Amino acid sequence: MTVFNKKSKIQDHISNKKGDNFTIGFVPTMGALHDGHLSLVNKALEENDICVVSIFVNPTQFDNPEDLKKYPRTLEKDVLLLKTVSPNILVYAPAVEDIYEQKAVAEHFTFDGLEHEMEGKFRDGHFNGVGTIVKRLFEIVKPNKAYFGEKDFQQLAIIKKLVEKHNIPVIVEGCTIYREKSGLAYSSRNERLKPDYKAAAPFIFKILNTAKEQFGTKSAKEVTEWVEKQFNNHDLLKLEYFVIADSKTLKPVKRKSKSKTYRAFIAVYADDIRLIDNIALN
Ligand code: PAF
């Protein structure tokens, strides 16, 4: 397994391989790898000759400097973990200057309104940062397929839109949410949860499941009010938003239609750690 820090070096390596008709599966990450990431890596290895994993904490997608500072950086541990998975993995772990050269600033994108819903309302500029880094990484790695978890369902929809709008020749695959035994969705942020918050956090998935059951017979408004009440009564978890939205447009549902699919999206603070999750409702 090789680790590259410079885009010129990984580009040279990849262009030699591509000459041999190799297919490349790509898993972009910000490191602090966990089983959820490994499930994406394994899928990429099943479907391609090699898997490129990028490890880069992208500064332009953080609206909160404290969050960027505290984001776990565990490169050595991540590389050791990937070594146990397969020799057919290349790691690209650049410094900020290799991606942004002079100054780390995001480009401006429009994603047909997807960027204004949910996370877009609470994390200013976040999706411009995501669009910037993912587009640059796609240009460097030139993957045949790229793999993203559905935990960040809105991010996945936005990356599909990015690829469509910019005619980027890559297949974007969404992968089902990988959960801990407790039901808590895997996230690099889970590492930072203090024990009592870690014990409380599976409540989020429990609520999503009950919301799904209720959505069969109740309106989106009724379900939303019920969820908000559950969190009002909770000592440790603070609800930031719960939204039932159309899975395609991500617009909040006003009136249910049988021909559409819906998802419930949630963001919760456990102490100062922000957790997101979602569930398909029909
Ligand atoms: O989901 C993530 O970890 C990041 O947003 C991504 C896609 C690696 C871009 O920095």
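In case you missed it, the structure is sitting above this.
First things first, this report covers the structure right here in the doc. (Residues numbered from 1 in each chain as written. Predicted model: local features only at pLDDT ≥ 70, side-chain atom pairs only at ≥ 80, totals over all residues. Heavy atoms only, no water.)

## Describing the overall build of the protein chain
Along the protein chain, the regular secondary structure elements total 11 helices and nine strands. The C-alpha atoms of the protein chain give 19 Å as radius of gyration, which agrees with the globular expectation for 282 residues (19 Å, within 12%). Based on the C-alpha atoms only, the size of the protein chain along its principal axes is roughly 55 × 40 × 35 Å. For the protein chain, the proportion of its 282 residues judged to be buried stands at 52%. Long-range pairs, those at least 24 residues apart, make up 72% of the contacts in the protein chain between residues at least 6 apart in sequence. Entry remark: accessible area of the protein chain is about 14200 Å², with carbon and sulfur atoms responsible for 50%. Once the 43 positive and 38 negative side-chain charges of the protein chain are each reduced to a mean point, those two points are 3 Å apart. (Helix = DSSP H or I, 4+ residues; strand = E, 2+ residues; numbered from the N terminus. Rg over C-alpha atoms; globule rule 2.2 N^0.38 Å. Buried < 20%, exposed > 50% of the residue type's maximum accessible area, 1.4 Å probe, protein only. Contact = heavy atoms within 4.5 Å. Areas by Shrake-Rupley, 256 points an atom, 1.4 Å probe, with all protein chains shown as cover. Lys, Arg positive; Asp, Glu negative; His and termini not counted. Charge placed at Lys NZ, Arg CZ, Asp CG, Glu CD.)

## Describing the sheet that holds strand β9 (residues 273–280)
Taken in spatial order, the three strands line up as β7-β8-β9 in an open sheet, and their pairing is antiparallel. Strands with a single pairing partner mark the edges of an open sheet, and in this sheet they are β7 (237–246) and β9. For this sheet, the mean angle separating the axes of adjacent strands, direction not counted, is 15°. Of the strand pairs in this sheet, strand β8 (residues 262–270) and β9 are connected by eight bridges, and their pairing is antiparallel. Within the sheet, the bridge partner assigned to Phe 265 lies in β9 and is Asn 278. Against the sheet, helix α10 (residues 203–215) makes contact with β7, β8 and β9, and its axis sits at roughly 30° relative to β9, the strand it touches most. (Pairing = 2+ DSSP bridges. Axes fitted to C-alpha atoms, helices over the stretch in contact; angles between N-to-C directions.)

## Digging into the layout of surface pockets
The volume enclosed by the largest pocket comes to roughly 230 Å³. Forming the walls of the largest pocket are 13 residues, and the residues nearest its centre are Asn 64, Asp 67, Tyr 269, Asp 272 and Arg 274. Sort the elements by how many residues they give to the lining of the largest pocket and helix α3 (residues 65–70) lands first, with three residues. Of the residues in the lining of the largest pocket, the class split is two nonpolar, one polar and 10 charged. (1 Å grid on protein atoms, 1.4 Å probe; cavity = no way out; pocket = protein on both sides within 12 Å on 5 of 7 lines; lining within 4 Å. Points joined across faces, edges and corners; volume = space filled by probe spheres on them. Nonpolar A, V, L, I, M, F, W, Y, C, P; charged D, E, K, R; others polar.)

## What to know about the pairing of β7
A large share of β7 lies buried, amounting to seven of its 10 residues. Here β7 runs beside β8; their pairing, made up of nine bridges, is antiparallel. Within β8, the position partnered with Val 243 by the bridge is Phe 265.

## With respect to the side chain of Ser 86
Within the secondary structure layout, Ser 86 lies in the loop between α4 (75–83) and β4 (89–92). Only 2.8 Å separates the side chain of Ser 86 from the backbone nitrogen of Asn 88, close enough to count as a polar contact. Beyond its immediate sequence surroundings of up to four residues, Ser 86 is in contact with Met 1 and Leu 45. (Polar contact = N/O pair within 3.5 Å; in protein donor to acceptor, adjacent residues only side chain to side chain.)

## What to know about the pairing of β9
Among the eight residues in β9, seven count as buried, and that is most of the element. Joining the antiparallel neighbours β8 and β9 is a turn of two residues, in which Asp 271 adopts a positive phi near 65°.

## A word on the environment of Gly 216
With respect to the secondary-structure elements, Gly 216 resides in the loop between α10 and α11 (220–232). Along the backbone, Gly 216 and Asn 282 are 66 residues apart, and their C-alpha atoms lie at a distance of 8.1 Å.

## Describing the site of the ligand
With respect to spatial proximity, the complete set of residues near the ligand consists of Pro 28, Thr 29, Met 30, Asn 58, Gln 61, Ile 133, Phe 148 and Gln 155. Gln 61 places a polar side-chain atom, nitrogen or oxygen, 2.6 Å from an oxygen atom of the ligand. The side chain of Gln 155 places a nitrogen or oxygen atom 2.7 Å from an oxygen atom of the ligand. Here the ligand, which alone exposes 290 Å², has 88% of that area covered by the protein. (Near = heavy atom within 4 Å.)

## Observations concerning the environment of Asn 209
Mapping Asn 209 onto the fold places it in helix α10. When the C-alpha atoms of Asn 209 and Ala 264 are compared, they prove to be 9.7 Å apart, with 55 residues separating the residues in sequence.

## A look at the packing of aromatic side chains
One pass over the full model with this rule turns up 10 aromatic pairs. Arranged with centres 5.7 Å apart and planes meeting at 70°, the rings of Phe 215 and Tyr 262 form a pair that is edge-to-face. Pair noted here: Phe 215 is in helix α10 and Tyr 262 is in strand β8, with a separation of 47 residues, a long-range link. Side by side, Phe 215 and Tyr 262 carry an identical accessibility label, which is buried. Three or more aromatic residues joined by ring pairs make a cluster, and in this case those are Phe 26, Phe 138 and Phe 148. We note Arg 179 situated over the ring of Phe 205; from NZ or CZ to the ring centre the distance is 3.6 Å. Taking the ring centre of Phe 215 as reference, the NZ or CZ of Lys 256 above it sits at 4.3 Å. (Phe/Tyr/Trp six-rings, centres within 6.5 Å; stacked < 30°, edge-to-face > 60°. Lys NZ or Arg CZ within 6 Å of the ring centre and 35° of its normal.)

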